[in-house]
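# Chains, contacts and geometry: an overview
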Amino acid sequence: MKLNYGQEPNGMYKLNKTDFDDIALSLLREHLATVVESPREVDINHLIKDCLYLDVYSKHLSADKSVLGLVAFEDTTIPCYDLHYNPISVDIVAGNIVVDLSLSGQRQLPRRRFTLAHELSHWVLHRSYHSPTNQVFALKKVDYLPCGDADIAIKKKTLKTDSDKEEWQANSLAAAILMPKFAFLKCAHQEIRRQYGAYTSSIIDKDDPERYRSTVENIAGVFNVSFQATEIRLDQFDLII
Ligand SMILES: [Zn+2]
């Protein structure tokens, strides 16, 4: 998909928070239109593999689980570990997404899904200037971008470096893909009204922690995303005060 947004001299797209919804909705309308209006789990594997023709692999990416995922911008070789944590090298090609094996298993599914959407977002937003074959922009040329826990949890207020900004952009687009704007708002308003009454439009965590928790959990369950990702999305739409 072609992005028509201004770019910094280093290549990074200048994006504000509504742009992420526009990009996500355009991607979803083209490939997974049923999730745009109707609150449900976005099949991120289907979107990545069957719609965008990117491959996904699972490997031990680090010995200490500090790297959760990566995406390749060029054909390259990555260092990783075999099942016994012996160092190995694996050849991957441009567009391959690799997620850490620690994210396997049912309990890790929301984190794995967010990591997949985050890596897909790097591919959509950042490959045009990171790729070593592109010499137009100044940002560092890399064959692949590894992402750790801190990158995937980064908050807007902590953006100091180009890398922080890229991670924040990838997280913002990942959230907009997994919790599409219209479906999310429909679900959130319904759940808030159900829990707090017809005249409540936003919620406060301090007043009634149990009810707050159950509201966020129920919304998170509909989209199969984490509690934290749901809170961030609710906050983006001013549904938490
Ligand atoms: Zn990242």
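Definitions and limits used
Residues numbered from 1 in each chain as written. Predicted model: local features only at pLDDT ≥ 70, side-chain atom pairs only at ≥ 80, totals over all residues. Helix = DSSP H or I, 4+ residues; strand = E, 2+ residues; numbered from the N terminus. Contact = placed C-beta atoms within 7 Å. Expected span 1.5 Å × (residues − 1). Buried ≥ 20, exposed ≤ 12 C-beta atoms within 10 Å, placed from the backbone. Arc of directions from axis to C-beta. Domains from an automatic or database assignment. Pairing = 2+ DSSP bridges. Axes fitted to C-alpha atoms, helices over the stretch in contact; angles between N-to-C directions. Parallel < 35°, antiparallel > 145°, perpendicular 65-115°, else oblique.

## Points about the environment of Arg111
Mapped onto the elements, Arg111 comes out in helix α4 (residues 109-130). The contacts of Arg111, once residues within four sequence positions are left out, are Leu103 and Ser226.

## A closer look at helix α1 (residues 17-31)
For α1, spanning 15 residues, the distance from its first C-alpha to its last is 22 Å, which sits close to the expected 21 Å at 1.5 Å a residue. Here α1 has its buried residues at Phe20, Asp21, Ile23, Ala24, Leu27 and Leu28. Down the axis of α1, the smallest arc covering the buried residues is 165°, so these residues share one side. Across from the buried face of α1, at angles greater than 90 degrees, the exposed residues are Thr18, Ser26, Arg29 and Glu30. Along its buried surface, α1 packs onto α2 (34-37), α6 (162-178) and α7 (181-196).

## Quick notes on the domain arrangement of the protein
You can read the domains of the protein as domain 1 (17-178) and domain 2 (182-236). Domain 1 and domain 2 are separated by 26 Å when their C-alpha centres are compared. With 15 residues of domain 1 in contact, the opposing surface of domain 2 contributes 13 residues. Broken down by secondary-structure element, the contributors of at least two residues to the side of domain 1 that touches domain 2 are α2, α4 and α6. Of the residues forming the side of domain 1 that touches domain 2, the biggest block, five residues, is contributed by α4.

## Focus: the pairing of strand β4 (residues 87-92)
Across six bridges, the pairing between strand β3 (residues 76-81) and β4 is antiparallel. Counted as the bridge partner of Thr77 is Asp91 from β4.

## Focus: the packing of helix α8 (residues 209-223) against helix α9 (residues 227-236)
The geometry of α8 relative to α9 is characterised by a closest axis approach of 9 Å and an angle of 100° between their N-to-C directions. Comparing their axes, α9 and α8 come out roughly perpendicular. For the pair α8 and α9, contact is made by Val216, Glu217, Ile219 and Ala220 and by Phe227, Thr230, Glu231 and Leu234, respectively.

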